[in-house]
Amino acid sequence: MKIVEEGCNALLMDPDPDKARGFFEKKSRAMTDKRTTVKEAVEKFIPDGCYLAIGGFGANRIPTSVLHEILRQRRKNLGFLGHTSTHDFQILCAGDCIDRVDASYIVGLEARGLSPNARRVMESGKVKVTEWTNYALTVRLRAAAEGVSFGIARCMLGTDTFKMSAAKVIECPFTGKKYVALPAVWPDVAAIHVHEADIYGNCHIRGISVADLELARAAKHVIITTERFVGNHAIRLNPTRTVIPFYLVDAVIEVPYGSYPGNMAYEYFSDEDHLKQWLTVEKDPEELAKFLDTYIYNVSSFEEYLELCGGFAKMKELRNLEGLVDRL
Amino acid sequence: MKIVEEGCNALLMDPDPDKARGFFEKKSRAMTDKRTTVKEAVEKFIPDGCYLAIGGFGANRIPTSVLHEILRQRRKNLGFLGHTSTHDFQILCAGDCIDRVDASYIVGLEARGLSPNARRVMESGKVKVTEWTNYALTVRLRAAAEGVSFGIARCMLGTDTFKMSAAKVIECPFTGKKYVALPAVWPDVAAIHVHEADIYGNCHIRGISVADLELARAAKHVIITTERFVGNHAIRLNPTRTVIPFYLVDAVIEVPYGSYPGNMAYEYFSDEDHLKQWLTVEKDPEELAKFLDTYIYNVSSFEEYLELCGGFAKMKELRNLEGLVDRL
Amino acid sequence: MAPEYRMMEMMICAASRYLEDGRTVAVGTGAPCAAAMLAQKMNAPNLVILFEAGGVAPTMPQMPISVGDSRTFFRGIMAAGMSEMMSTCCRGLVDYAFLGGAEIDKYGNINSTVVGDFYKPKVRFPGSGGANDFASMCWRTLIMTVHTKSRFVEKVGFLTTPGYLTGPGAREAAGLPPNTGPYKIITDLAVLGFDEETKVMQVESIHPGVERDQVRDATGFDLIMPDFIQTTPPPSDSELRILRGEVDPLRLVIGR
Amino acid sequence: MAPEYRMMEMMICAASRYLEDGRTVAVGTGAPCAAAMLAQKMNAPNLVILFEAGGVAPTMPQMPISVGDSRTFFRGIMAAGMSEMMSTCCRGLVDYAFLGGAEIDKYGNINSTVVGDFYKPKVRFPGSGGANDFASMCWRTLIMTVHTKSRFVEKVGFLTTPGYLTGPGAREAAGLPPNTGPYKIITDLAVLGFDEETKVMQVESIHPGVERDQVRDATGFDLIMPDFIQTTPPPSDSELRILRGEVDPLRLVIGR
């Protein structure tokens, strides 16, 4: 195939669909009890050096407990898929866990401002970066989910974002139109927080799915944290709602308030004060180190973290803030 | 782009994404009352010669009222997208409405057998056929829904199905793997039957969506028939359930039992006796003509058709047959 | 004393034994669906049944009539769509698929499109539907069909669905995923596989009471027939009890 | 007597007036969201607001903090995902998108990625996010930004998001859909557009009380400045009443 132009940065993951098929051929499809702990899931599925992707949208429906545990287990040299990664990226940078990133939105927390520490990390030049856009990364996951080695889109064309990517420009065999060809990405592991799951890993999500349906299908291993368990009968009563089926999932853990301090639609709003505190302490590396000790490293469980952040009273406050939206 | 190999049959629709964009640029996005009648919708959006696609899966969740009206309005020379088209294709063949078809599954009614009349029509040589597979047609709709002129897949390769298609074989710019490149298809019009819709065209579907989400996004005009109207507040209470948003839709009509004699999941089962009657009368063209007069041409409304087929008593029977499944 | 059984029961039981536990199988209506349901109740309780239109792992109260009817996702795990199911096949997560067809040749290629000239066919069949997709992307394809000389032909008149195409290496050369292809063919006479080397169809076992020559005479090409061929184990008591009592009590499939 | 207003209010009002009724707009948080909400309550009741993470047409009780938070689909028409929203843009169904950025050049190209060497940047910004996607695929891009010489540069240090690239015909040559591109830039000094012929940025109106030279001095390149330039109509009483009373009663955006 004629390649019109190509980006100059490294492709961090192999887009060979047959290697991915070889992995998925061996993956069990049995509907077994996949309950475990966050600690065990991180030990088992997130080794040093693996390529990680996080579900949700930065500080919305994120698996915070998994991110904290990655820090506690001192993971290093992770690859990261950074599509609108905000608080998740901030946490991983705080733990110095990443050494390469497919970036489309990093170091920022949207309207809240930029993360001083994530900027320090990225400005050090020690983290290898390949540029993309949010849609480009979605198309890359979608291609993987479809079992093919590339997808096409009409973004990135003509820009430095393209030049600093690992994409290629090709022409349509029917119309001659130019497209950016985006290589499939099969992350080694994805962690996704959902509203409801059964013990086998069948999941319900309420509200926007962002790129998580593609991600759950693309990732070789999937860790699910869930606000609550539901019985398998609840899944079977309305199979239209199942957005992630059990055979994609390796581990499932019940973590109430699991997206805290992020927003969980229909459940609780984000804790803007706590997120602001992060941005404040990050200005001073020593302050940040103390903060991390207090809130992550010296903490034994996610429940303990919730207690430190205000416990039931704070959670009730965030539920009330979110409560303006409809519960079913 | 290097084309390794190509199918020899005609591409029935233009895959140019910019022509499609030009159409969609002008399409209104206003959330207005789109209620109309089946008669008016067919008059307005299904002219002679246009390219039509039907939602559902042959005899499951099909817009029967629209199909009958197409016959009553004596539409001719339609193009048709035939992905597991069974009873829908049978009806259109009975009316001699089609002159070209993108075919992946036609003339059959699955386990029920082949349609003698659809076979006669297709064996006459008068209908232009281009071959595809079910997934290939889904990928073509998906590419159109994504606003690009082609999609790729790993089916059709090495077969006569490919040779008799309008697809091309290309190579991945990253891996060199071969793929079948499938041209986007933007049907002129799609008719889709759903469980619930509001007057603006926001839709809920329960159970499998087949290829209808892609189809609703690919088609230039969309006609929705719905088992029942719901208020806009019911849409807004749970926006996660909206699978077809209003801005895709041109016309919406409440047609209870609208998939009859097909199955409507969670509502009523298929009328196998009536479907068998179709297959029986089709053996003799004269019998078929009489049958069509009785059940379609001399019928003034879909309600009258339901009466002819057994009315409330029959519908209750079919509801009971389906009733083994869970209603929410 | 061996139980009495019908040939359709023999075929369903033979097919069901190839389905391993903890694997996925894409089925159609009828005999393949019965075989998968029987396997679940015998040797493969964790077998996951998928339907091309979107149904995943239903709790089937009765056989579906269509691969898209509500039985295919009744109390199922998921009710998705065509793109989801076929993508799952392409990703390598679907182990088995069941197919039928009007003609099959020595390389396991299938015709379900036309007999005669494509543009003015003598017989028009439905076409691929999802068959070509499954046979291209699933790991192992199982074919259930009656065994007649007009069906088992040297070369299919139209190659709808890929078997081993023109022989060894042809699938890979065409771009199909490696290590895929037709696995077993279960007919009313025998179970057939494919020679590792030549990819030509060979007899693996012959059903009880069927003669070698019957199989040869019902096949329109040179079938590989080893000197020693096993007899297909007949349906066991428990297979028949479950098939008749639980899988198909209305005898929709086995009654034919 | 003209009402008093803050510059952010002027910007929001000016932006809102470009949004036509019955059209779609992809917005971020903050001022663009306020502009779209104001337009809905003034001139464009049927304006459809979309968010890149999946929210469609919410009934917003308050401003979202994130383009993916629950406010972006609260009592909305649909809560979908990124692929759905961006595909809708690519299909030509999204008319307007709002962008910001650290640097913008005379062709409307935007930098939101790095200052300095890419591999060891002086400043690392977030990158494209969805900005490049929107600017590539939506019909008309609107940019809201403060107007300073360090932001309005001759050539962006890193071209994150496409404006008219290197000038006339460059977008089409790169493969971007025709008839797309930056439409208006709303700053705290002026509203700017692009010359039809050269695609170079030009002043369309200057806000009340702002001098021509102020605009020129705050721009790091040769801006086209016609002899006669209109004054941007100041916020009207009703615009201000609705903006302050209904759109942003907590003054989250206009209070800045």
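Residues numbered from 1 in each chain as written. Chains lettered and ligands numbered in written order. Predicted model: local features only at pLDDT ≥ 70, side-chain atom pairs only at ≥ 80, totals over all residues. Heavy atoms only, no water.

**What about the sheet that holds strand β6 (residues 150-153) of chain B?**
Then, in step 1: Taken together, four strands build an open sheet; the order of strands is β1-β7-β8-β6 (chain B) and the sheet is antiparallel. Strand pairing shows two members of the sheet lacking a second neighbour, β1 (5-6) and β6 of chain B, which therefore form its edges. (Pairing = 2+ DSSP bridges. Helix = DSSP H or I, 4+ residues; strand = E, 2+ residues; numbered from the N terminus.)

**Considerations on the relation of the copies chain B and chain A**
Then, in step 1: With an axial shift of 0.0 Å and an RMSD of 0.0 Å, the rotation relating chain B to chain A amounts to 180°. These values place the two chain copies in the arrangement generated by a two-fold rotation axis.
Then, in step 2: Most of the interface of chain B is mirrored in chain A, where 100% of its interface residues are also at the interface. (Least-squares fit on C-alpha atoms with pLDDT ≥ 70 in both. Contact = heavy atoms within 4.5 Å.)

**Regarding the environment of A26(C)**
Residues and elements named next belong to chain C.
Then, in step 1: Mapped onto the elements of the fold, A26 is located in strand β1 (residues 24-26).
Then, in step 2: Its relative accessible area of 2% is what places A26 among the buried residues.
Then, in step 3: Non-local contacts of A26, meaning those with residues more than four positions away in its chain, are made with L50, V94, Y96, A97, F98 and F134. (Buried < 20%, exposed > 50% of the residue type's maximum accessible area, 1.4 Å probe, protein only.)

**Things to note about the interface of chain D and chain A**
Then, in step 1: The interface of chain D with chain A comprises 55 residues on the first partner and 54 residues on the second.
Then, in step 2: Taken together, both faces of the contact between chain D and chain A bury some 4,300 Å²; the carbon and sulfur share is 58%.
Then, in step 3: Sorting the residues of chain D by area buried against chain A places I65(D), R124(D) and P126(D) first, and these three jointly supply 16% of that buried surface.
Then, in step 4: Here chain D is connected to chain A by two salt bridges.
Then, in step 5: A salt bridge links E131(A) to R124(D), with the nearest nitrogen and oxygen atoms 2.7 Å apart.
Then, in step 6: The tally of links between chain D and chain A comes to 28 residue pairs in polar contact (both at pLDDT 80 or more). (Buried area = accessible area lost by both parts, 1.4 Å probe. Salt bridge = Lys/Arg side-chain N within 4 Å of Asp/Glu carboxyl O. Polar contact = N/O pair within 3.5 Å; in protein donor to acceptor, adjacent residues only side chain to side chain.)

**Quick word on helix α6 (residues 134-145) of chain B**
All names here are of chain B.
Then, in step 1: With twelve residues, α6 ought to run about 16 Å at 1.5 Å a step, and its terminal C-alpha atoms sit 17 Å apart, in line with that.
Then, in step 2: The complete set of buried residues in α6 reads N134, Y135, A136, L137, T138, V139, R140, L141, R142, A143, A144 and A145.
Then, in step 3: One or two residues past the end of α6 sits G147, with phi positive at roughly 75°. (Expected span 1.5 Å × (residues − 1).)

**What about the packing of aromatic side chains?**
Then, in step 1: For the coordinates displayed, the defined rule picks out 30 aromatic pairs over all chains.
Then, in step 2: With a centroid separation of 5.0 Å and 90° between ring planes, the pair formed by F118(C) and Y119(C) is classed as edge-to-face.
Then, in step 3: With relative accessibility at 9%, the residue F118(C) sits in the buried group.
Then, in step 4: The class for Y119(C) is partly exposed, based on a relative accessible area of 44%.
Then, in step 5: Site record: aromatic cluster; members linked through ring pairs are Y260(A), W278(A), F291(A), Y295(A), F302(A) and Y305(A).
Then, in step 6: The ring of Y266(B) carries the charged tip of R206(B) above its face, separated from the ring centre by 3.7 Å. (Phe/Tyr/Trp six-rings, centres within 6.5 Å; stacked < 30°, edge-to-face > 60°. Lys NZ or Arg CZ within 6 Å of the ring centre and 35° of its normal.)

**Describing the pattern of salt bridges**
Then, in step 1: Scanning the entire structure with this criterion turns up 66 salt bridges over all chains.
Then, in step 2: With a closest N to O distance of 2.8 Å, R217(B) and E84(D) form a salt bridge. Of the two residues, R217(B) is situated in helix α8 (residues 212-218) and E84(D) in helix α3 (residues 82-90); the pairing between them involves two chains.
Then, in step 3: Residue E84(D) is classed as buried on the basis of its relative accessible area of 17%.
Then, in step 4: We note a salt bridge from E154(C) to K106(C), for which the minimum N-O separation is 3.0 Å. Note that E154(C) is positioned in the loop between β10 (140-144) and α5 (170-174) and K106(C) in the loop between β6 (103-104) and β7 (110-111), a separation of 48 residues in sequence.
Then, in step 5: Among the charged side chains, a salt-bridge network with shared partners connects D16(A), D18(A), R154(B) and K177(B).

**Quick word on the confidence of the model for chain C**
Then, in step 1: Summary statistics for chain C give a mean pLDDT of 96 and a share of 99% for residues scoring 70 or more.
Then, in step 2: In the predicted assembly, ipTM is 0.98 and pTM is 0.98. (pLDDT = per-residue confidence, 0-100.)

**Brief notes about the packing of helix α3 (residues 64-72) of chain A against helix α4 (residues 87-94) of chain A**
Residues and elements named next belong to chain A.
Then, in step 1: Running from N to C, α3 and α4 cross one another at 15°; their axes reach a closest spacing of 9 Å. With respect to α4, the element α3 is oriented roughly parallel. For the pair α3 and α4, the crossing hand works out as right-handed. In contact with T64, L67, H68, I70 and L71 of α3, α4 contributes D88, I91, L92 and A94. (Axes fitted to C-alpha atoms, helices over the stretch in contact; angles between N-to-C directions. Parallel < 35°, antiparallel > 145°, perpendicular 65-115°, else oblique. Left-handed = near helix turned anticlockwise from the far one by under 90°.)

**Some details on the pairing of strand β7 (residues 168-171) of chain A**
Residues and elements named next belong to chain A.
Then, in step 1: Side-chain alternation along β7 places K168 and I170 on one buried face and V169 and E171 on a second face that is also buried.
Then, in step 2: Bridge analysis of strand β1 (residues 5-6) against β7 gives two bridges, and the strand direction is antiparallel. Bridge pairing links E5 to V169 in β7.
Then, in step 3: Relative to strand β8 (residues 178-183), β7 runs antiparallel, the two sharing four bridges. By the bridge assignment for β8, I170 is matched with Y179.
Then, in step 4: Joining the antiparallel neighbours β7 and β8 is a turn of six residues, in which G176 adopts a positive phi near 75°.

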